[in-house]
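# Secondary and tertiary structure notes
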Amino acid sequence: MQKSFTPAGPARPSAAEANEAIRHLVDARVGDEWPAEAYEFLLAEWAAASGSGVSAAQ
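So, a few notes on the structure that sits alongside this text. Treat the numbers as computed from the prediction; the structure is a model and nothing was measured.

### Observations concerning helix H1 (residues 15–28)
With 14 residues, H1 extends 20 Å between its outermost C-alpha atoms, agreeing within 8% with the 20 Å of an ideal straight helix rising 1.5 Å per residue. What H1 keeps buried is the set Ala18, Ala21, Ile22 and Leu25. With its buried residues spanning 100° around the axis, H1 presents them on a single face. Among the exposed residues of H1, those oriented more than 90 degrees off its buried face are Ala16, Glu20, Arg23, His24 and Asp27. Packed against the buried residues of H1 are helix H2 (36–50).

Rendered as structure tokens:
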């Protein structure tokens, strides 16, 4: 079972930290399972940190 990334404090991760977490999630996946919720959460964190205006699909 995959666990979603939860920042340790009130601050959001930087874009680089969120990107690294996304890379780790992709590298750590098992078989054909795709942790969609965790990926969408991290993508939203990355978008907020990068100011790209991209948001995860709801």
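### Observations concerning the nonpolar core
Judged by nonpolar contacts, Ala21, Ile22, Leu25, Ala38 and Leu42 together constitute the single largest core of 5 residues. Among the elements that make up this core, the one with the highest residue count is H1 (3 residues).

Conventions adopted
- Residues numbered from 1 in each chain as written.
- Predicted model: local features only at pLDDT ≥ 70, side-chain atom pairs only at ≥ 80, totals over all residues.
- Heavy atoms only, no water.
- Helix = DSSP H or I, 4+ residues; strand = E, 2+ residues; numbered from the N terminus.
- Expected span 1.5 Å × (residues − 1).
- Buried < 20%, exposed > 50% of the residue type's maximum accessible area, 1.4 Å probe, protein only.
- Arc of directions from axis to C-beta.
- Contact = heavy atoms within 4.5 Å.
- Core = buried A, V, L, I, M, F, W, Y, C linked by side-chain atoms within 4.5 Å.

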